[in-house]
Amino acid sequence: MKDLWDKTGEHLYETGTDRGMVYPADNSGTYPKGYPWNGLTGYTESPSGADETALYADNQKYLSLRSAEEFGATITAYTFPEEFAKLDGSANLIEGVKGIKVYQQSRKSFGFAVRTLIGNDIDSNDHGYKLHLLYGLTASPSEKGYSTVNDSPEAIEFSWEIKSVPVAVPGFKPTSVITIDSTEVDPTKLAALEDILYGKYDDTFVEATPVGTENPSTEGWYEKAGDNYFKTTDTTVVSSKTYYVGSGATEARLPLPAEIITLFSTTVGG
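*Asks:* Help me get a handle on the overall build of the chain, residues and values and all.
*Replies:* Regarding its fold elements, the chain presents four helices and 20 strands. Relative to the globule expectation of 18 Å for 270 residues, the C-alpha radius of gyration of the chain, 24 Å, shows a markedly less compact shape. The burial tally for the chain puts 31% of its 270 residues in the buried class. Restricting the contact set of the chain to residue pairs at least 6 apart, pairs at least 24 apart contribute 63%. Each charge sign in the chain was given a centre, from 22 positive and 39 negative side chains, and these centres are 3 Å apart.

Below you can see the structure in the form of C-alpha cells.
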C-alpha cells in the first residue's frame, strides 16, 4: 500500500505567475483585444461566500444550506499597461494628449489571463503550467506608497482587489474563472487556444488590390522597405506605392467559455 504515495514524478506543486494579459470588455460582453501585462508580480484568488445556514428540526441538524459563492482576486505588479489604466478609473485629461491624467473616472469591465507553473520532482518548474482565464472583472483603486530613495531602494508594487460578475457557461452555472492544465489537455488544442489568447503576429504578406477610395491606414495595410513590412500612415491611396495586407495574423483576445468548450471538444484536424 505504501507504493501508492510519493511515487517518483508525482511530487507536484504550483508556483510562479507570468504571461499576464488584460482584455477590455466591449458593449456586447466580449473581449475582442488583449494587451500584455509586463511587471506582473502576483495573482491571488480569494473567493468568498458559500456560508452555511444551518436548519434544525426534530431537535437535530436537518439541512445545511450554502449561500452563493463570489469570486475575488488580487493582482500585484510593478507596472501596468496603458489599457489597464483606462479600466482602473483614469483618462487622458486632454483628448489626444498623453501624459496628463485625470482620475476617479468610471471603472470598466475587463478579462484577465495569467499563467502559473506546475512543477514536480523530476522536471522542477518545467513540468507544465495552468492558464487561468478570468471574466467580468472590475478593479478597486490601488494603494501607491511613495518614499524617499535610500540605501535600500525598493520599487513601488501596485495592488488591485478584483471582483467579478460571472459569465454564462453552457451546461453549468455562470462562472468567473476557468483553468486549463497543460499536463492534461491536448497540446494541439492548447496551442490553438494560446494563439487566441496571445495573438499571432507571423504574417504572410500579400499584395493589396486598392480600388482607390480606401484609407490605407485604417485598412491596416502595410508598405515594404527591403525585407521588412511596416504599417502605412497614408490616409489615401498613393498610386505610386504598392500596399500589402497580412494574412494569418490575429489580434489577441479572450474567448468566452462556450468557445473554449467548442475548441476542446473538436476533433484534432476536424
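Once the structure has been displayed, the description carries forward.
*Asks:* Summarise the pairing of strand β12 (residues 124-139); cite the residues concerned and give the values.
*Replies:* Here strand β11 (residues 110-120) pairs with β12 via nine bridges, running antiparallel. Residue pairing in the sheet places alanine 113 in a bridge with leucine 133 of β12. Linking two consecutive strands that pair antiparallel, namely β11 and β12, is a turn of three residues. In the sheet, β12 pairs with strand β13 (residues 158-164) via three bridges, with the strands oriented antiparallel. In the sheet register, leucine 137 faces β13, and the bridge partner there is serine 164.

*Asks:* How would you summarise the packing of aromatic side chains if you had to cite specific residues and measurements?
*Replies:* Inspection of every chain in the model, using the stated rule, returns 15 aromatic pairs. A ring pair is formed by phenylalanine 84 and tryptophan 160, whose centres lie 5.1 Å apart and whose planes are at 85°; its orientation type is edge-to-face. One end of the pair, phenylalanine 84, is in helix α1 (residues 82-87); the other, tryptophan 160, is in strand β13, with 76 residues separating them in the sequence. Between tyrosine 229 and tyrosine 244, the aromatic rings sit 5.3 Å apart at their centres with planes inclined by 80°, giving edge-to-face as the arrangement. Pair noted here: tyrosine 229 is in strand β19 (residues 228-231) and tyrosine 244 is in strand β20 (residues 244-247), with a separation of 15 residues, a long-range link.

*Asks:* Account for the pattern of salt bridges, with residues named and values stated.
*Replies:* Under the defined criterion, the tally for this structure stands at nine salt bridges. Between aspartate 18 and arginine 115 there is a salt bridge whose closest N-O contact spans 2.8 Å. Of this pair, aspartate 18 sits in strand β1 (residues 13-24) while arginine 115 is found in strand β11, placing the two residues 97 residues apart along the sequence. According to the relative accessible area criterion, aspartate 18 is partly exposed, its value standing at 25%. Exposure remark for arginine 115: the relative accessible area of 12% places this residue in the buried category.

What counts, and at which threshold
- Residue indices follow the written sequence of each chain, beginning from 1 at its first position.
- Whole-chain, interface and lining totals are the exception, using all residues; otherwise, since this is a predicted model, local features are given only for residues with pLDDT of at least 70 and side-chain atom pairs are given and counted only at 80 or more.
- Working from all heavy atoms in the structure, the side-chain values ignore hydrogens and water.
- For helices the rule is a DSSP run of H or I covering at least 4 residues; for strands it is a run of E covering at least 2, with both sets numbered from the N terminus onward.
- We compute the radius of gyration from the C-alpha atoms alone; for a globule the expected value is 2.2 Å times N to the 0.38, where N is the number of residues.
- Burial classes: relative accessible area under 20% of the type maximum marks a residue as buried, over 50% as exposed, and values in between as partly exposed (1.4 Å probe, protein chains only).
- The contact definition used throughout considers only heavy atoms, calling two residues in contact when any of these lie within 4.5 Å.
- Residues scored as charged are limited to Lys and Arg (positive) and Asp and Glu (negative), so that His and the chain ends carry no count.
- A charge is said to be at NZ when it belongs to Lys, at CZ for Arg, at CG for Asp and at CD for Glu.
- In this description, strands pair whenever DSSP reports at least two bridges between them.
- Side-chain rings of Phe, Tyr and Trp (the six-membered ring for Trp) are treated as a pair once their centres are within 6.5 Å; stacked means planes under 30 degrees apart, edge-to-face means over 60, and tilted covers the remaining angles.
- What makes a salt bridge here is a side-chain nitrogen of Lys or Arg within 4 Å of a carboxyl oxygen of Asp or Glu, nothing more.

Bear in mind that shape data such as this cannot, by itself, settle questions of function.
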